[in-house]
Amino acid sequence: MWIEVIFILLCTSKIYAQTCAGQCGQKWETCSCHTTCASLQNCCPDYRQFCLEISPYSGGMFGGSDFTLLGVTFDQTSKIFCRFNGEIVVDGYVDGDGRGHCISPFLYETGWISFDISTDDVTYNRHGSWLSVHPGKLSPDLKATLVNATQWQYYGTPNVAGTLKLTWNTSLIKADKVKVELWGYREIGEPYSSSWTPEWKYLYTLGRDLPNDGQFSFIPKPQEKPVSEWELGSVRVSSSSEPDGRRDVEAVWSDDHALAWHLEERFRRDSASWALGKCLSWDTLERALPNFLNETIDCPCTLTQARADTGRFHTDYGCDIEKGSVCTYHPGSVHCVRAIQASPKYGAGQQCCYDSTGAQVLTADSIGGSTPDRGHDWGSPPYRKPPRVPGLSHWVYDVLSFYYCCLWSDNCHYYFTHRPSSDCRTYQAPKAGFAFGDPHFVTFDGSSYTFNGKGEYYLVLAPGKGLTIQGRTEPVKLENGTLANATRLSSVAMQENTSDVIEVRLAVQEDRLEVLKNQEVLSFSQQSWMDLKGVFVFSSVPQNVTVMFPTGAGVEVRARGGTMATTVLLPQEFDNQTLGLLGRMNDDPGDDLVSSDGEVVPLNQTTAEALFKFGAGWAIANETSLFTYDTARLLDEYYFTPKHDPAFVPAFSFRDDPDDPLYGEVSKMCSGPGSWFCKYDALTSRSLRMGNSTMVSFTSHSAVMRDLEPVVSCGWLAPPRNGRKEGTRYLEGSKVTFSCNKGYVLSGSGERTCQGDGAWSGETTHCVSDNILGIVLGSVFALLGLIGMIVAVILTVRKQKRKAPEIQLKGDI
């Protein structure tokens, strides 16, 4: 008895001896400071004291957000020091309830930023993470609003003047009196050198000791140099008790914008002339900078392609058809997308815009066309140096110049010389592999089969590209609580090279997905987009998650009807690089299924049992697993047991029996393409709901495949000089017609058609002046007449020569 008590006391004292101070992420035999300890119920007692949760967990990149440290209390006399990224120290504070608070600092980067907490500015042993958000992706409720933003950004141009108004959410600033300041941004130093650096600076105060009533109005005055030379910036509202220009205080910021309203008097006197001078200076600069265009990705040819290619392109928040955007910078377009990844060497971006017909809009035809970017709008790692600073670098090199050349003056030809649209002639749509239902698989080359084992398997293994995607399956529960001889995909885990590991799995709540980063559950309650290490994740609703990797690989996961459907999109660079359950990608369905020992499994000669054996061979091992085992069930069923459960034998076929009570409803529900999968799942799982979700998933995948079908582009056609063209669509079958201005006559083809070989029919079109045509025709007729005279003379001479011997011969006779 006493021995047992002593043993328990020794174990308990050993557990309490372990502390999470400075040890977050560690696991010990006695207790854990790892994020999974909460669900496994083996956390060290002080886990929440040192491994911090915060609220809110995100805020704007410009800083100023006040967030609370949850689960820990402090003495009200304590000081709090918050250190971000191991280098930026910001003073925190303790509130009346003993809760610690931090103020997020200005950061030149987005994504999860680590922070540490100290009470003496020496020992930083409490740890957490803060999500820094791109200004354009931040909720409007968390920003100060420029009322009538166009007025702010065109102020001083013809017919734009008056009072400017700013509004904000008063709860974001805990003060009765506030002040309004202007801060500026620029990038200095030699471009693409070590001296090239960003600069964020306080410029001046617009108003002090103002009531915190959520609004401020003023009539802006033109500034003088050097302040007026700052042309990009943001307005900050903060407590009047803070000194002017103090960094990293609780504040709310406006969007970054062109500071037309504060520029020098010369701009107001003649804005077009002032802007032209800036445009010409930018043109000179661009000619001296490296050409980034040859490393930007090509645009998709159609809107449907652009929206389906989710591994490489994502909606541009400034021109989103789903939200009814005005597309201010792209008039005539209804939707734009941006390349997700910046170009490798220069950090450049690509933007692709489309009109209401789904055709790409080109800058050669419209001011609203697609434009590449020297600075990717969303930035790119390592973020903190130009031109990779999110949002701001893009403004400096691609947006301000658009104002100079196009919006504040009429000189767009300078801008489009350096920012021409990609016309999609070299665009190649990705290939899609698909896993759904009880799991059925459609390979990248279009073959389909069923493998419904229980375990954890490789969906895609592409060692040459560093990409691994794994899937976990679990038995389907029948309505009576028993398990069916069927499985469903319940989790997908993935990683590319050294990126964060992302896992997407079915949540406890029906038809909801849960996302984990390196085994830690992510919340999308505040932000739908997250910049992570080597990967981006987007989830606008709990049923849908999209994961995007630098190679252009994309993974879409959808929760539907109690099951999980997964689409993997891979660009052409993955040809002959993939193995696993989704097959070898090489446009040859005949060798889609390659076993783990290298043997090709012919689909047309293989039984369901043989396919089951093939699938079992792609089981992973604990050493290579990317999955999270954070419950006793997962440990027992997947970690401490074989990765492929040999005891689980599925139903390899189903009986199409008219006497089956489900037969009538299943037959009605499952018809047309995909009906076999629908019937199989409904009858083996005894669930109409599962059969219906399978049918919907198959139909959705078929739609994606149609959207990604290749199209032929013949490329842009120029209108003839002194003429016009009708038609701005350049895909196969499209027609473009030409006409000439008054006083000119058409020469060449009046209509040209884009042919299947990518070439335009007909001949190059010209518009020739009536006078020139008369002169040309007169010259042609004169030349023809002269040639005729010469020919007549030659024929006469030849005739005379033939007659001469005849006369002589007659004389001899």
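Please read these numbers as outputs of a predicted model, since none were measured by experiment.

1. Things to note about helix α8 (residues 392–407)
Okay, so step 1: For α8, spanning 16 residues, the distance from its first C-alpha to its last is only 19 Å, which falls clearly below the expected 22 Å at 1.5 Å a residue.
Okay, so step 2: Along α8, the helix axis deviates most sharply at D398, where the bend reaches about 30 degrees.
Okay, so step 3: Counting buried positions over the 16 residues of α8 gives 15, a clear majority of the element.

2. Some details on the packing of aromatic side chains
A ring pair, where both rings are aromatic, is described by two values, the distance of the centres and the angle of the planes.
Okay, so step 1: The tally for this structure, following the rule as stated, stands at 56 aromatic pairs.
Okay, so step 2: When the ring of W200 is compared with that of W253, the centres are 5.5 Å apart and the planes differ by 50 degrees; the resulting orientation is tilted. Pair noted here: W200 is in strand β13 (residues 197–211) and W253 is in strand β16 (residues 251–253), with a separation of 53 residues, a long-range link.
Okay, so step 3: A connected cluster of aromatic rings, assembled from ring pairs, spans Y154, F267, W274, W282, Y329, W395, F402, Y403, Y404, W408, Y415 and F416.
Okay, so step 4: When the ring centre of F50 is taken as origin, the NZ or CZ atom of R126, which lies over that ring, is 4.5 Å away.
Okay, so step 5: The cationic tip of K454 hangs over the ring face of Y638; the distance from NZ or CZ to the ring centre is 5.7 Å.

3. A look at the sheet that holds strand β14 (residues 215–218)
Okay, so step 1: A sheet is described by the order of its strands in space; here three strands give the open sequence β10-β11-β14, paired in antiparallel fashion. In this open sheet, the two strands that pair with only one neighbour each are β10 (145–147) and β14. Between one strand axis and the next, the sheet turns by 20 degrees as a mean value, whatever way the strands run.
Okay, so step 2: Note that β10 and strand β11 (residues 164–167) share three bridges and pair antiparallel. Opposite L146, over in β11, you have L166 as the bridge partner.

4. Let's talk about unusual backbone geometry
Okay, so step 1: Of note, the bond from P381 into P382 is cis; its omega dihedral lies within 30 degrees of zero at 5 degrees.
Okay, so step 2: The topology assignment puts P382 in the loop between β21 (372–373) and α8.
Okay, so step 3: Backbone torsion omega between P386 and P387 reads -5 degrees, so that peptide bond is classified as cis.
Okay, so step 4: Its location among the elements puts P387 in the loop between β21 and α8.
Okay, so step 5: In this model, Q41 sits at a positive phi of 60 degrees, which is unusual for a non-glycine residue.
Okay, so step 6: Within the secondary structure, Q41 is located in the loop between α2 (37–40) and α3 (47–50).
Okay, so step 7: Positive phi, close to 55 degrees, is recorded for N497, a residue that is not glycine.
Okay, so step 8: Along the chain, the position of N497 falls in the loop between β27 (483–496) and β28 (502–506).
Okay, so step 9: By relative accessible area, N497 is classed as exposed at 51%.

5. Notes on the sheet that holds strand β9 (residues 126–133)
Okay, so step 1: Spatial ordering of the open sheet is given by β2-β9-β8-β4-β5, a layout of five strands whose pairing is mixed. Two strands close off the open sheet at either side, each with one partner strand: β2 (58–60) and β5 (88–91). Between one strand axis and the next, the sheet turns by 35 degrees as a mean value, whatever way the strands run.
Okay, so step 2: Bridge analysis of strand β8 (residues 111–118) against β9 gives seven bridges, and the strand direction is antiparallel. Within the sheet, the bridge partner assigned to F115 lies in β9 and is G128.

6. Remarks on helix α13 (residues 675–685)
Because each turn of an α-helix spans 3.6 residues, side chains separated by three or four positions in sequence point in the same direction.
Okay, so step 1: Most of α13 is tucked away, with nine of its 11 residues classed as buried.
Okay, so step 2: Among the residues making up α13, those that are buried are F677, C678, K679, Y680, D681, A682, L683, T684 and S685.
Okay, so step 3: Positive phi shows up at R686, right after α13, with a value of about 55 degrees.

7. A word on the side chain of R236
Okay, so step 1: As for its position among the elements, R236 is in strand β15 (residues 232–239).
Okay, so step 2: Among the polar contacts made by the side chain of R236, one reaches the side chain of E181 at a distance of 2.8 Å.
Okay, so step 3: Here R236 is in contact with K179, V180, E181, W183, G245, R246, R247, D248, V249, A251, V252 and W253, once residues within four sequence places are set aside.

8. A word on the state of the cysteines
Okay, so step 1: Applying the stated rule across the entire model yields 14 disulfides.
Okay, so step 2: Two residues, C31 and C44, share a disulfide whose sulfurs are 1.9 Å apart. Handedness here is read from the sign of the S-S torsion; for C31 and C44, about 75 degrees, the answer is right-handed. Placement of the pair is C31 in the loop between α1 (2–17) and α2 and C44 in the loop between α2 and α3, with a sequence separation of 13 residues.

9. Focus: the confidence of the model for the protein
Okay, so step 1: On average, residues of the protein score 92 in pLDDT, and 93% of them reach the 70 mark or higher.
Okay, so step 2: In the model, residues 1–16 has pLDDT below 50 throughout and makes five contacts with residues more than four positions away in sequence or in other chains.

10. Section: the pairing of β8
Okay, so step 1: Taken across its eight residues, β8 has six buried, putting it largely inside the fold.
Okay, so step 2: Summarising the sheet, strand β4 (residues 81–84) and β8 pair through four bridges and their orientation is antiparallel. Counted as the bridge partner of F84 is F115 from β8.

11. As for the side chain of D445
Okay, so step 1: As for its placement among the helices and strands, D445 is situated in the loop between β23 (440–442) and β24 (448–450).
Okay, so step 2: With relative accessibility at 13%, the residue D445 sits in the buried group.
Okay, so step 3: Within the structure, the side chain of D445 is placed 3.0 Å from the backbone nitrogen of D587, a separation counted as a polar contact.
Okay, so step 4: Of note is the side chain of D445, whose polar atom sits 3.2 Å from the backbone nitrogen of D588.
Okay, so step 5: Those residues in contact with D445 that lie beyond four places of it in its chain are K431, R584, M585, N586, D587, D588, P589 and D592.

The rules behind the values
Residues numbered from 1 in each chain as written. Predicted model: local features only at pLDDT ≥ 70, side-chain atom pairs only at ≥ 80, totals over all residues. Heavy atoms only, no water. Helix = DSSP H or I, 4+ residues; strand = E, 2+ residues; numbered from the N terminus. Expected span 1.5 Å × (residues − 1). Bend = angle between axes of the 7 residues up to and from the residue. Buried < 20%, exposed > 50% of the residue type's maximum accessible area, 1.4 Å probe, protein only. Phe/Tyr/Trp six-rings, centres within 6.5 Å; stacked < 30°, edge-to-face > 60°. Lys NZ or Arg CZ within 6 Å of the ring centre and 35° of its normal. Pairing = 2+ DSSP bridges. Axes fitted to C-alpha atoms, helices over the stretch in contact; angles between N-to-C directions. Polar contact = N/O pair within 3.5 Å; in protein donor to acceptor, adjacent residues only side chain to side chain. Contact = heavy atoms within 4.5 Å. Disulfide = S-S within 2.5 Å. pLDDT = per-residue confidence, 0-100.

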